[in-house]
Amino acid sequence: MGGIRAAEVSAMTTAHNSKVDAQVSEAQIAVHWREEEYVAPPVSFIGQANAADPAILDRFAEERFPDCFKEYADLLSWDAYWHTTLDTSKPPFWKWFVGGRLNACVNCVDRHLATHANKAAFIWVPEPEAEATLAITYRELYRRVNEFAALLRDWGGVQTGDRVTFHLPMVPELPVAMLACARLGVIHSEVFGGFSGAACGGRVADSGSTILVTMDGYYRNGELIDHKVKADQAVATAAELGHAIDKVLVFRRRSGQYASGSPMVEGRDFFVDDLLPTYRDVVVEPVSMPAEAPLFLMYTSGTTGQPKGCQHSTGGYLSYVAGTSKYYQDIHPTDTYWCCADIGWITGHSYIVYGPLSLGTTSVLYEGVPAYPDAGRVWRICQRLGVNIFHTAPTTIRMLRKLGPDEPAKYDYHLKHMTTVGEPIEPEVWRWYHDVAGKGEAAIVDTWWQTENGGFLGSTLPALQPMKPGSCGPGVLGIYPVIYDEDGQVVEAGSGKAGNICIRNPWPGIFQTIWGQPDRFVHIYYEKYNKHKDSTDWHDWPYFAGDGAVQAADGYFRILGRVDDVINVAGHRLGTKELESACLTVDEVAEAAAVPVIDEVRGRAVEMYVSLKPGLTASKDVEDKVAAAIDTEIGKIARPKHVWIVSDMPKTRSGKIMRRVIAGISNFADVGDVSTLANPEVVADIRHHIQAEKLAHGEAPRQLTPAEAEEIRSFGHAE
Ligand code: WTA
């Protein structure tokens, strides 16, 4: 742990404000960057912070592991206390708080009724500004959750341990459905609403749910989107995979009015608002679950193959999100907290629903696009609702800064705390967030973590450790990270060298397995640095995060991005394999390769390279088909910036596509040595053609930072 105190800031700034020289071996990646100066949190923040006493750093020191996490578990109400904090007998399938029993819904809803039943649990802000905001009190949430749980159980026939999939947008019905499942001990699996019906169907089939919960439509960018139509596609895709969805439950955005053009299928599709009156005021007894029972699945993209269903536990996960929400988000029950993310991602599960609600605070839900109808919207919401904690992703911050750099000053809101999550943030963007969006009044945390992790891994403790723009900070309480090189040697802090960031220890929020694929779980996350596969000592099982990072001499980490073939578009992980498979559904396409391009707003965007089957010629029609295939198979978020049809892909002599070469072309970067390729002559051809087109589109090249250049140079390095 860094353990740096705000008071020590100026001394440390001088000590470490040097540019690090990088003389590196092949196995290590050189990184140069200017060390940023520390920024101290405001005194007003420190005075009220949940973690203001440095003794907390000692309580979570490594010698107190794993018992230190009792402090997190004690934030919850347990039906039965656990007897074993951490069971390591079957590594790396860790079990936390063994013997304990609890119900996640009781912890998020029921237990707050005694003290603040009539306080808002959620405030929902519809996208159309003329539509009224909706405050849902804890009492009202309790009623809705119970009624929906009764419907799922008595009408849907679901039982503890079953899976139910949701394909819901940002509406209160989504957390209601999640908590209803949690009440029953049913495992929920929410698929991000922006994903296509086909992507949803694949996830339903993988999880084995027979019920799909969806909504007729929702607002996005001023448009009422037809969403139910995706359910029909999901059912069809699941059927192709040999899986039957028996029932589709359809919420209506406006009760009694159907917003979709897609017909309801007799005997399969049902309106929730038609069924619910039967369950009016029914109370469902919460099912007391073992701590290690699964709470939900969250699918994410990985190195190869199909998306992985990350299985999260009940006791460990909930303890971890409650603890990190308290100390890192600084949530007090009296705060109005807004995480402007989608519940369809892990951030929303942990830091819109489970973390904030377990602490009994008010959590804001926003239906739509942050900059709709203009760049002042977000700040108007903060003003109107009295938001004092704001949480979002760099892509949103970049967009708000670009579209409305001076908007924040026009609104009367005051934030004590702000968060950034999901991708690295550029120091200039960080400074705008701090100085302009936060008016210099807020402590900022840059939280690094992943779908697999349940909660934060790297961040500063907002009152105790100073901020450093562009760095997430040290490992969080009870997390002991390390950087290894490819050979498993430790890359020392302050060496200026990058490597693979790993977490040396288990923690309560870590996912339990990939749903139905335990071998893949061990292989992807633990095999790389495990030296003794029979060892039951957790020290032998470092968790491989799949991110490149550098650690400064002060212990702060700077995350450089994925080391696997995942492209982080606007904070969303897209696997190259999934993108390429989608392209191959187009008849004309013979081969496809996806590469990242640096994008000023979205961080990274995708460019697709495709070559056609023999005898076919390139056409706009094929380009459009490729883009449409990605929309259908994955969703609009994955839509490529360009589809380039090329005569041939640069390949190794063994026939592998050299993604780093085409990534270099797309980014106007150095393509490196191509003389050993099987077809070096195509490189100059492709480069000439594509770069000319890009210039014609007004996409002038920009000088890449050394870290960006390295990312492009090593993209798809596995080949
Ligand atoms: C990246 C999102 C830099 C990282 C919670 C990670 C970050 C991937 C940060 C996980 C951050 C997340 N700084 N990079 N603060 N937070 N990342 O699973 O590459 O959607 O591996 O989880 O996002 O994305 P995921």
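Residues numbered from 1 in each chain as written. Predicted model: local features only at pLDDT ≥ 70, side-chain atom pairs only at ≥ 80, totals over all residues. Heavy atoms only, no water.

### Notes on helix H15 (residues 394-403)
Inference 1: When we look at burial in H15, the residues that qualify are Pro394, Thr395, Thr396, Ile397, Arg398 and Leu400.
Inference 2: Buried residues belonging to H15 abut helix H14 (377-385), strand E19 (389-392), strand E20 (417-421), helix H16 (427-437) and strand E30 (603-612). (Buried < 20%, exposed > 50% of the residue type's maximum accessible area, 1.4 Å probe, protein only. Helix = DSSP H or I, 4+ residues; strand = E, 2+ residues; numbered from the N terminus. Contact = heavy atoms within 4.5 Å.)

### Quick look at unusual backbone geometry
Of all residues except glycine, most have a negative phi; of all peptide bonds, most are trans.
Inference 1: With omega at 0°, the peptide bond leading from Phe65 into Pro66 counts as cis.
Inference 2: Within the secondary structure layout, Pro66 lies in the loop between helix H3 (55-59) and helix H4 (70-73).
Inference 3: Positive phi is not limited to glycine here, since Asp281 has a value of about 60°.
Inference 4: Unusually for a residue other than glycine, Asp330 sits at a positive phi of about 55°.
Inference 5: Turning to its location among the elements, Asp330 is positioned in the loop between helix H12 (315-327) and strand E17 (336-339).

### What about the packing of helix H18 (residues 576-583) against helix H19 (residues 620-633)?
A packed helix pair is summarised by two numbers, namely the angle formed by the two axes and the spacing between the axes.
Inference 1: At a minimum axis distance of 8 Å, the contact between H18 and H19 shows a crossing angle of 120°. Judged by the inter-axis angle, H18 sits oblique to H19. Our pair here, H18 against H19, has a crossing hand that is right-handed. Taking contact as the criterion, the partners of Leu579, Ala582 and Cys583 in H18 are, on H19, Val626, Ala629, Ile630 and Glu633.
Inference 2: Residues that form the contact of H18 with H19 fall into these classes: 6 nonpolar, no polar and 1 charged. (Axes fitted to C-alpha atoms, helices over the stretch in contact; angles between N-to-C directions. Parallel < 35°, antiparallel > 145°, perpendicular 65-115°, else oblique. Left-handed = near helix turned anticlockwise from the far one by under 90°. Nonpolar A, V, L, I, M, F, W, Y, C, P; charged D, E, K, R; others polar.)

### Notes on the site of the ligand
Inference 1: Around the ligand there are 18 residues in total, and Asp446, Thr451, Asp547, Arg562 and Arg573 lie nearest to it.
Inference 2: Here a nitrogen atom of the ligand sits 3.4 Å away from a polar atom, N or O, in the main chain of Pro424.
Inference 3: In this structure, Asp446 approaches the ligand through a side-chain N or O atom, which is 2.7 Å from a nitrogen atom.
Inference 4: For the ligand, whose unbound accessible area comes to 530 Å², protein coverage reaches 96%.
Inference 5: Broken down by class, the residue content of the shell around the ligand amounts to 6 nonpolar, 7 polar and 5 charged. (Near = heavy atom within 4 Å. Polar contact = N/O pair within 3.5 Å; in protein donor to acceptor, adjacent residues only side chain to side chain. Areas by Shrake-Rupley, 256 points an atom, 1.4 Å probe, with all protein chains shown as cover.)

### A short note on helix H7 (residues 138-155)
Inference 1: Taking 1.5 Å of rise per residue, 18 residues should cover 26 Å, and H7 covers 25 Å from first to last C-alpha, within 8% of that figure.
Inference 2: Taken residue by residue, H7 has Tyr138, Leu141, Val145, Asn146, Glu147, Phe148, Ala149, Ala150, Leu151 and Leu152 as its buried positions.
Inference 3: Directly after H7, the chain includes Gly157, whose backbone phi takes a positive value near 70°. (Expected span 1.5 Å × (residues − 1).)

### Overview of the sheet that holds E19
Inference 1: Across the sheet, 7 strands lie side by side as E6-E5-E18-E17-E19-E20-E21; this open sheet has mixed pairing. In this open sheet, the two edge strands, each paired with only one partner strand, are strand E6 (134-137) and strand E21 (443-447). Each adjacent strand pair in this sheet contributes to an overall mean axis angle of 20°, direction not counted.
Inference 2: In the sheet, E20 pairs with E21 via 5 bridges, with the strands oriented parallel. (Pairing = 2+ DSSP bridges.)

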